[in-house]
Amino acid sequence: MEKVKGTTSASSSQTQTGDTQQKNTKKAQKCLAKGKVHHQKGRYDLALKEYRRAFELHSELSSNAAYHLNLGLVLYDAGNFEESLIPFQDSVRLNPDDPLVHCAIGNVYKKQQKFVAALEEYQTACEIVQESADLHKKSDIYAGRKALNGFVGCLVSLNRLDEALKATEAALEQVPGDFEVLSLKV
């Protein structure tokens, strides 16, 4: 009879642990949603607080590339460029084929005036987009423009103007009539 009691306690304990994990997961999701809103409204300290709280509640976020990307974007937008590299690098380690992460790392290097390193990241992003992009899918179009914009911007910053022009012309050939390719942010 005692073995049954012990088994019942163990299963009851497991149920409570499962319930707690489920509650913490929901709380973490709410924190992430709040963090996103704070980030969009420029309240970076509050966004960071919510993202870090989400991680405390749900440590499995350590293996979530999107979590690291979003955390890095908050740090970047807050002007903490060096610190933003850590979550960006975690994100690229978890998902090396995400062109937006390579663009984010390129943006950090560009801010630090490490144009050659930035150029390499943007080039990687461009290659990923070219290999896997569905040019009718908005997210792929966005990633491609962002990668190209960073790539061409670095070429201009390095005074490699002929290469910048060729890259822009090549992009226009791939997607004729897409004149947003020409809206370069240097």
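Residues numbered from 1 in each chain as written. Predicted model: local features only at pLDDT ≥ 70, side-chain atom pairs only at ≥ 80, totals over all residues. Heavy atoms only, no water.

Details of the overall build of the chain
Helix and strand content of the chain: 8 helices and 0 strands. Secondary structure elements of the chain occur, N-terminal to C-terminal, as α-α-α-α-α-α-α-α. Put simply, the chain has 186 residues, and 35% of those count as buried. Nonlocal contacts in the chain, meaning residues at least 24 apart in sequence, comprise 47% of its contacts between residues at least 6 apart. (Helix = DSSP H or I, 4+ residues; strand = E, 2+ residues; numbered from the N terminus. Buried < 20%, exposed > 50% of the residue type's maximum accessible area, 1.4 Å probe, protein only. Contact = heavy atoms within 4.5 Å.)

Remarks on the pattern of salt bridges
Considering all chains together, one arrives at 4 salt bridges under this definition. Across the salt bridge formed by Glu83 and Arg52, the nearest N and O atoms sit 3.4 Å from each other. With Glu83 in helix H4 (residues 81-94) and Arg52 in helix H2 (residues 44-57), this pair connects stretches of sequence that are 31 residues apart. When its relative accessible area of 36% is taken as the criterion, Glu83 is described as partly exposed. Glu163 is the salt-bridge partner of Arg160, the closest N and O atoms lying 2.8 Å from each other. We classify Arg160 as partly exposed; its relative accessible area is 32%. Judged by relative accessible area, which is 38%, Glu163 ranks as partly exposed. (Salt bridge = Lys/Arg side-chain N within 4 Å of Asp/Glu carboxyl O.)

As for H2
Helix length check: H2, at 14 residues, gives a terminal C-alpha distance of 20 Å against a target of 20 Å (1.5 Å per residue), a fit within 8%. When we look at burial in H2, the residues that qualify are Ala47, Leu48, Glu50, Tyr51, Ala54 and Leu57. (Expected span 1.5 Å × (residues − 1).)

A short note on the packing of helix H6 (residues 115-132) against helix H7 (residues 138-157)
Packing of H6 against H7 leaves a shortest axis separation of 8 Å and a crossing angle of 150°. In this view, H6 runs roughly antiparallel relative to H7, as classed from their interaxial angle. When you trace H6 past H7, the crossing you get is left-handed. Mapping the contact onto sequence places Phe115, Ala118, Leu119, Tyr122, Gln123, Ala125, Cys126, Val129 and Ser132 in H6 and Asp140, Ala143, Gly144, Ala147, Leu148, Gly150, Phe151, Cys154, Leu155 and Ser157 in H7. (Axes fitted to C-alpha atoms, helices over the stretch in contact; angles between N-to-C directions. Parallel < 35°, antiparallel > 145°, perpendicular 65-115°, else oblique. Left-handed = near helix turned anticlockwise from the far one by under 90°.)

Some details on helix H3 (residues 65-77)
Think of an α-helix as 3.6 residues a turn; residues three or four steps apart then line up on the same face. Between the first and last C-alpha of H3 there are 18 Å, a value that for 13 residues agrees with the 18 Å anticipated at 1.5 Å per step. Following H3 by one or two positions, Gly79 has its phi on the positive side, about 90°.

Describing the nonpolar core
In this structure, Phe88, Ile105, Tyr122, Phe151 and Cys154 are the most contacted members of the largest nonpolar core, which totals 26 residues. Looking at this core, the elements that each hand over two or more residues are H3, H4, helix H5 (99-111), H6, H7 and helix H8 (161-174). The contacts of Ile105, once residues within four sequence positions are left out, are Leu85, Phe88, Gln89, Val92 and Glu121. Residues Ala28, Tyr51, Tyr67 and Val74 belong to the second largest nonpolar core, which totals 12 residues. (Core = buried A, V, L, I, M, F, W, Y, C linked by side-chain atoms within 4.5 Å.)

Quick word on the confidence of the model for the chain
On average, residues of the chain score 85 in pLDDT, and 81% of them reach the 70 mark or higher. The secondary structure element of the chain with the lowest average pLDDT is helix H1 (residues 2-40), at 75, and the one with the highest is H4, at 97. Low pLDDT (under 50) marks residues 1-8, which in the prediction has 0 contacts with non-local residues, meaning those over four places away or in another chain. (pLDDT = per-residue confidence, 0-100.)

Some thoughts on the side chain of Asp98
Relative to the assigned elements, Asp98 resides in the loop between H4 and H5. With a relative accessible area of 18%, Asp98 lands in the buried category. Ignoring anything within four residues of it in the chain, the contact list for Asp98 reads Leu69 and Ile128.

Observations concerning the packing of aromatic side chains
One pass over the full model with this rule turns up 3 aromatic pairs. Look at Phe55 and Tyr67: their rings are 6.0 Å apart centre to centre, the planes differ by 20°, and that puts the pair in the stacked class. Of the two residues, Phe55 sits in helix H2 while Tyr67 sits in helix H3, which places them 12 residues apart along the sequence. The exposure class assigned to Phe55 is partly exposed, which follows from its relative accessible area of 32%. In textbook terms, an aromatic cluster arises when at least three aromatic residues are bridged by ring pairs, as seen for Tyr51, Phe55 and Tyr67. (Phe/Tyr/Trp six-rings, centres within 6.5 Å; stacked < 30°, edge-to-face > 60°.)

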